[in-house]
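Secondary and tertiary structure notes
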Amino acid sequence: MNFPIGAVADALDRKLIHALQLDGRAPFSRIADVFGVSDQTIARRYRRLRSQGVLRIVGVPPANYVAHGRWLLRLRCAPGAAQSVAATLARRPDTAWVQIVSGGTELLCIARTRSQVESEQLLLDGLPRGNRVVAIAAHSVLHTYYGSPGRIRSLEALSPEEVQRLSPEPAPEIDDIQPLDPGDQQLLDILARDGRAGHAELAAATGWSQSTVGRRLDHLRGIGVLHYYAEFDLSYVGFHTAARLWATVAPAELVATGQALAGHPEVVFAAATTGPTNLAVQVVCRNSRELYRYLTERVAALKSIGHVETAPIVQNVKRVGAVLDPAFLDTPRR
């Protein structure tokens, strides 16, 4: 990030970020009309936030666009090795949400495989080994109750009417890989770096006309293959504490508990997994006091939860798109 340390979003920046959480590719003219400002004002605000590394839009397939599931990986590292291992994981095209947690001693990431062979290779010989990694745990994601880590529901910068006017039609849920035309992957590669890339840039990459690009983007979004996410610096909008929770719930209570957690505005991800715990959750709070209240009030009220392990997130290295700070990949490998 290259914006001033301690910078805080004003009301218009907060509203713009909230709007782009709803629809990352919404025309600036539509946003400006809802906000009652000029198109140029919204465009300038977006360019400034993007150039300062505060905000970017990525267009990627949804998390469940896989053939053989997702794996939630926890890697416990030797002292001083977490950054180099995180850089190794972030370089991989099959990883997302690479995070340093637990005071810098543990890494967490999501790996997505598209075939049984990829899944076996990932678990058997595709993960970092050696004296840098002390232990590895792999949890298969069985069901996602809420899965929008790029959307902070408690931001509350927009009125209900503004939310309604800026929300796109809901995309359908997909359970398996949909067939893609040859140029689709080229589109997705560019959108993973810049979800607001113009039709001219996308046309140059694919060799299609701009009108064909527009139709294809609408088609991919309409069938649920393409989602747009707003990735932004949480501290800029007042959220300074994030954590992963690993919870144990009796199987008979798993669905009800997962759905209850999915309804909490602090929760950005909640899923049933395999492993010694069967619920994985990520929460975002304004500060550690708010996290404490969330654990002792909201989570404690769910009597079905028998055990909770909390791991504070120290650093996001990679989210759903590209690596957040390319310089991080220059971390020496050991």
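Right, let's walk through the structure included here.

**Some words on the overall build of the protein chain**
Along its length, the protein chain carries 11 helices and 10 strands. Across the 334 residues that make up the protein chain, the buried fraction comes to 52%.

**Some remarks on the side chain of Lys 318**
If you trace the backbone, Lys 318 turns up in strand β10 (residues 305-318). For the buried Lys 318, no salt bridge is present, and the opposite-charge side chain at shortest range is Asp 94, 6.6 Å distant. Here the side chain of Lys 318 touches Ala 90 through a polar contact of 3.1 Å, landing on its backbone oxygen. In terms of polar contacts, Lys 318 uses its side chain to reach the backbone carbonyl oxygen of Thr 95, at 3.0 Å.

**Looking at helix α11 (residues 288-299)**
For α11, the set of buried residues is Glu 290, Leu 291, Tyr 294 and Val 299. The arc that holds every buried residue of α11, seen down its axis, measures 100°, which confines them to one face. Residues of α11 that are exposed and angled more than 90 degrees away from the buried face: Ser 288, Arg 289 and Tyr 292.

**Some points on the sheet that holds strand β7 (residues 241-249)**
As summarised here, the arrangement of the eight strands in space is β2-β4-β3-β10-β7-β9-β8-β5, forming a closed barrel in which the pairing is antiparallel. Between one strand axis and the next, the sheet turns through 35° on average, direction left out of account. The pairing of strand β5 (residues 133-147) with strand β8 (residues 267-273) spans five bridges and is classified as antiparallel. Looking at β8, one finds that Thr 144 is bridged to Ala 271. Relative to the sheet, helix α4 (residues 82-91) contacts β2 (70-77), β3 (95-101), β4 (106-112), β5 and β10, its axis offset from that of β3 by approximately 170°. Helix-sheet contacts for α11 involve β7, β8, β9 (279-285) and β10, and the interaxial angle to β7 is about 20°.

**Observations concerning the packing of aromatic side chains**
Here a ring pair, both rings aromatic, is described through the centre-centre distance and the interplanar angle of the planes. Per the stated rule, a full pass over the model turns up one aromatic pair. Over the face of the ring belonging to Tyr 146 we find Arg 153, whose NZ or CZ atom lies 3.8 Å from the ring centre.

**Details of empty space enclosed by the protein**
Counted under the stated rule, the structure contains two cavities of 30 Å³ or more. Volume-wise, the second largest cavity comes out at about 30 Å³. Among the elements of the structure, β7 and β10 are those that each provide at least two residues to the lining of the second largest cavity. Taken together, the residues that form the lining of the second largest cavity break down as seven nonpolar, no polar and no charged.

**Concerning the pairing of β8**
Every regular strand shows the same layout, with side chains that alternate between the two sheet faces. Across the seven residues that make up β8, a large majority, seven, are buried. Note: β8 against β9, five bridges, orientation antiparallel. Within the sheet, the bridge partner assigned to Phe 269 lies in β9 and is Gln 282. Here β8 folds back onto β9 in antiparallel fashion, the turn holding five residues, of which Gly 275 has a positive phi close to 110°.

**Digging into the packing of helix α7 (residues 184-191) against helix α9 (residues 210-222)**
Orientation of α7 relative to α9, taken along the N-to-C sense of each, is 80°, at an axis distance of 11 Å. The angle between the axes of α7 and α9 places the two elements in the roughly perpendicular class. Every residue of α9 that contacts α7 at Asp 184, Leu 187 and Leu 191 is listed here: Val 213, Arg 216, Leu 217 and Leu 220. Along the lines of polarity and charge, the residues of the contact of α7 with α9 split into five nonpolar, no polar and two charged.

**Some remarks on unusual backbone geometry**
A negative phi holds for most residues other than glycine; trans holds for most peptide bonds. Even without being a glycine, Trp 97 presents a positive backbone phi close to 55°. For Ser 102, which is not glycine, the phi dihedral falls at a positive 55°. Checked against the element boundaries, Ser 102 lands in the loop between β3 and β4.

**Things to note about helix α3 (residues 39-51)**
Since there are 3.6 residues in each turn of an α-helix, residues three or four apart along the chain are aligned in direction. Its 13 residues give α3 an end-to-end C-alpha distance of 18 Å, which sits within 8% of 18 Å, the value for a rise of 1.5 Å per residue. Where α3 is concerned, the buried positions are Thr 41, Ile 42, Ala 43, Arg 45, Tyr 46 and Leu 49. Contact partners of the buried residues in α3: α1 (11-22), α2 (28-35) and β1 (55-60). Phi turns positive, to about 80°, at Gly 53, one or two residues after α3.

Cut-offs and rules
- Residues numbered from 1 in each chain as written.
- Predicted model: local features only at pLDDT ≥ 70, side-chain atom pairs only at ≥ 80, totals over all residues.
- Heavy atoms only, no water.
- Helix = DSSP H or I, 4+ residues; strand = E, 2+ residues; numbered from the N terminus.
- Buried < 20%, exposed > 50% of the residue type's maximum accessible area, 1.4 Å probe, protein only.
- Lys, Arg positive; Asp, Glu negative; His and termini not counted.
- Salt bridge = Lys/Arg side-chain N within 4 Å of Asp/Glu carboxyl O.
- Polar contact = N/O pair within 3.5 Å; in protein donor to acceptor, adjacent residues only side chain to side chain.
- Arc of directions from axis to C-beta.
- Pairing = 2+ DSSP bridges.
- Axes fitted to C-alpha atoms, helices over the stretch in contact; angles between N-to-C directions.
- Contact = heavy atoms within 4.5 Å.
- Phe/Tyr/Trp six-rings, centres within 6.5 Å; stacked < 30°, edge-to-face > 60°.
- Lys NZ or Arg CZ within 6 Å of the ring centre and 35° of its normal.
- 1 Å grid on protein atoms, 1.4 Å probe; cavity = no way out; pocket = protein on both sides within 12 Å on 5 of 7 lines; lining within 4 Å.
- Points joined across faces, edges and corners; volume = space filled by probe spheres on them.
- Nonpolar A, V, L, I, M, F, W, Y, C, P; charged D, E, K, R; others polar.
- Parallel < 35°, antiparallel > 145°, perpendicular 65-115°, else oblique.
- Expected span 1.5 Å × (residues − 1).

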